[in-house]
Amino acid sequence: MDISIPSLLRIKPNALYKIGKYLRKENFSKIALFFGTGMKEMLGESILISLDSSEISILYEDVIGDSEVESVFRTALSLPHATEAIVAVGGGQVIDYAKYVAFIAQLPIVSIPTVISNDGFSSPTVSLYANGKRRSLKAKIPYGVIIDTNIIKASPKKFTLSGIGDLVSKVTAIYDWKLSFRNTREPVNDFAVLVSNSSFENLIGYGNKDIDDVEFLRVVCGVLVMSGVAMEVCGSSRPASGSEHLISHAYDKLARQPSLHGLQVGVATCAIAWLQKNYKLDVVKSVLEETGFVDYVRQNPLDKEDFIAAIRYAPNIKENYYTILSEKGAIDRLVEFVDADPYFGQFLK
Ligand SMILES: [Zn+2]
């Protein structure tokens, strides 16, 4: 089994100004640099100064504004031979794009997320468009993750809350994985479960869950990184993605106005945890309440009709993927709950 984990990991305030120093320490001196849309204007100068002061040359630079797999291949073929590492700065789009460039070119990638709306910046998979369809493709877990918690703190709250929604889903995902083992003998990787559970406990145990507190943000980022590591350890997305993710993907497909991935996932996690009679449901609810997730979604609810349609469509998202929704009568029970439960009702309009 070939497992890699991020070797370069820096999560702290002002980390952005030390990018050059961090890369130099890993012996990278010639890089390809990718910015998400608008990122160069926002952070380019600080990054370039930091790279320059550590004598790191940029052999290739690009601003990424699409997610087409064809463009990714074109970029990978355009990289100069001497490129030693790829560095991606921005949101999910540029990071996924650059992760796949790195995978094709067999180069290490350092991801520098400027928002933490999901666990993609440290996961071994990417989401790209191929032939007009969004597809999830296997890549490699990033060699490095650098997160400036001051930048995350300054980013719009909905993104961080989305990341928190993506995190609580580990609870229902792991339940579904074990359920699949009992019903289909799909093997469960105990170490991946341990990584996922214990990192989630760090989050639960943190006293003041204030997303304006850089120390709490450091914990959140750490749990998101560990979610990527858990996926790498077992070679599948099982420790991070169960039926709550199927509902979110179905909602993306069917809803007239999809919301952010992690916001949808967090809401679906509450519903699925109820269906599973998951003993961690109360913990999930308290994390969502304490961080401000519940307040935010109450003000920006999902569409009830579309959400119910997404529940019904969810099992079609992934073939041969056993979850609680595969059980007889589960979907009807869940739809009834979503339709009538007053607590859950606050997430929908
Ligand atoms: Zn997710």
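Cut-offs and rules
Residues numbered from 1 in each chain as written. Predicted model: local features only at pLDDT ≥ 70, side-chain atom pairs only at ≥ 80, totals over all residues. Heavy atoms only, no water. Donors = N, O, S within 2.8 Å, 3.2 Å for Na, K, Ca; no water. Tetrahedral: all angles 85-135°; square planar, octahedral: opposite > 155°, others 65-115°. Helix = DSSP H or I, 4+ residues; strand = E, 2+ residues; numbered from the N terminus. Pairing = 2+ DSSP bridges. Axes fitted to C-alpha atoms, helices over the stretch in contact; angles between N-to-C directions. Contact = heavy atoms within 4.5 Å. Expected span 1.5 Å × (residues − 1). Buried < 20%, exposed > 50% of the residue type's maximum accessible area, 1.4 Å probe, protein only. Arc of directions from axis to C-beta. Polar contact = N/O pair within 3.5 Å; in protein donor to acceptor, adjacent residues only side chain to side chain. 1 Å grid on protein atoms, 1.4 Å probe; cavity = no way out; pocket = protein on both sides within 12 Å on 5 of 7 lines; lining within 4 Å. Points joined across faces, edges and corners; volume = space filled by probe spheres on them. Nonpolar A, V, L, I, M, F, W, Y, C, P; charged D, E, K, R; others polar. Parallel < 35°, antiparallel > 145°, perpendicular 65-115°, else oblique. Phe/Tyr/Trp six-rings, centres within 6.5 Å; stacked < 30°, edge-to-face > 60°. Lys NZ or Arg CZ within 6 Å of the ring centre and 35° of its normal. Domains from an automatic or database assignment. Buried area = accessible area lost by both parts, 1.4 Å probe. Salt bridge = Lys/Arg side-chain N within 4 Å of Asp/Glu carboxyl O.

### A closer look at the coordination of the zinc ion
Taken together, the protein donors to the zinc ion comprise Asp 166 (OD), Asp 166 (OD), His 245 (NE2) and His 261 (NE2), at separations of 2.1 to 2.8 Å. The site at the zinc ion holds four donor atoms, and with the angles between them running 51 to 141°, its shape is irregular. Donor residues for the zinc ion, ordered by position in the chain, follow D-x78-H-x15-H. Note that Asp 166 is positioned in helix α6 (residues 157-184) and His 245 in helix α9 (residues 243-254), a separation of 79 residues in sequence.

### Notes on the sheet that holds strand β5 (residues 109-113)
The six strands are arranged β1-β8-β5-β4-β2-β3 in an open sheet whose pairing can be described as parallel. Looking at which strands have only one partner, the edges of the open sheet turn out to be β1 (8-12) and β3 (57-64). Neighbouring strand axes in the sheet, compared pairwise and without regard to direction, differ in orientation by 15° on average. In terms of strand pairing, β5 meets strand β8 (residues 144-148) through two bridges, oriented parallel. Among the inter-strand pairings, Ser 111 is bridged to a residue of β8, identified as Val 145. Contacts between helix α4 (residues 92-105) and the sheet are confined to β2 (30-36), β3, β4 (85-90) and β5, with β4 contributing the most and set at about 170° to the helix.

### Some remarks on the pairing of β3
Examined bridge by bridge, β2 and β3 share seven bridges and lie parallel to one another. Across the sheet, Gly 36 pairs through a bridge with Ile 64, a residue of β3.

### As for helix α7 (residues 190-205)
End to end, α7 covers 22 Å across 16 residues, agreeing with the expected 22 Å (1.5 Å per residue, within 8%). Burial in α7 covers these residues: Ala 192, Val 193, Val 195, Ser 196, Ser 199, Phe 200 and Leu 203. All buried residues of α7 fall inside an arc of 165° around its axis, so they share one side. Residues of α7 that are exposed and point over 90 degrees away from its buried face: Asp 190, Leu 194 and Gly 205. Looking at the packing, one finds that the buried side of α7 touches α6, α8 (214-234) and α11 (281-291). At the N-terminal boundary of α7, the capping side chain belongs to Asn 189, with an oxygen 2.9 Å from the backbone nitrogen of Phe 191.

### Some details on the side chain of Ser 196
For Ser 196, the location among the structural elements is in helix α7. By relative accessible area, which is 2% here, Ser 196 ends up buried. Those residues within four positions of Ser 196 in sequence are excluded, and the remaining contacts are Lys 170, Ile 174, Ala 230 and Pro 239.

### Digging into the layout of surface pockets
Taken as a whole, the second largest pocket spans an internal volume of roughly 270 Å³. Lining the second largest pocket are 15 residues; nearest its centre among them are Gln 257, Pro 258, Ser 259, Pro 301 and Lys 349. When the residues that make up the lining of the second largest pocket are grouped by side-chain class, the tally is seven nonpolar, three polar and five charged.

### Observations concerning the packing of α6 against α11
α11 packs onto α6 with a crossing angle of 170° between their chain directions and a minimal axis gap of 10 Å. Classified by the interaxial angle, the pair formed by α6 and α11 is roughly antiparallel. Of the residues in α11, those in contact with Leu 161, Ile 164, Val 168 and Val 171 of α6 are Val 284, Val 287, Leu 288 and Thr 291. Looking at the contact of α6 with α11, its residues break down into seven nonpolar, one polar and no charged.

### Looking at the packing of aromatic side chains
Considering all chains together, one arrives at ten aromatic pairs under this definition. Between Phe 307 and Phe 344 the ring centres are 5.8 Å apart and the planes differ by 45°, which places this aromatic pair in the tilted class. Linking Phe 307 in helix α13 (residues 304-313) with Phe 344 in helix α15 (residues 342-345), this pair joins segments that are 37 residues apart in sequence. On the numbers, 6.0 Å between centres and 90° between planes, the contact of Tyr 343 with Phe 347 is edge-to-face. On the basis of relative accessible area, Phe 347 is assigned to the buried category, the value being 0%. Chaining the aromatic ring pairs together yields one cluster made of Tyr 251, Trp 274, Phe 307, Phe 337, Tyr 343, Phe 344 and Phe 347. Between the NZ or CZ atom of Arg 185 and the centre of the ring of Phe 181, over which it lies, the distance is 4.5 Å. Looking at Arg 238, its charged tip hangs above the ring of Tyr 321, at a distance of 3.8 Å from the centre.

### Some remarks on the domain arrangement of the protein
For the protein, the assigned domains are domain 1 (8-154) and domain 2 (157-345). When each unit is reduced to the centre of its C-alpha atoms, the spacing between domain 1 and domain 2 is 27 Å. Of the residues lining the interface, 20 residues belong to domain 1; the matching set on domain 2 comes to 24 residues. Where domain 1 abuts domain 2, roughly 1800 Å² becomes buried across the two surfaces, and 70% of that area is made up of carbon and sulfur atoms. The partner of Lys 170 in a salt bridge is Asp 119, and the shortest N-O contact between them spans 3.5 Å. At the surface where domain 1 touches domain 2, the tally comes to eight residue pairs in polar contact (both at pLDDT 80 or more). Those elements giving two or more residues to the side of domain 1 that touches domain 2 turn out to be β1, β8 and α5 (149-154). Here the side of domain 1 that touches domain 2 takes four residues from α5, the largest share from any one element.

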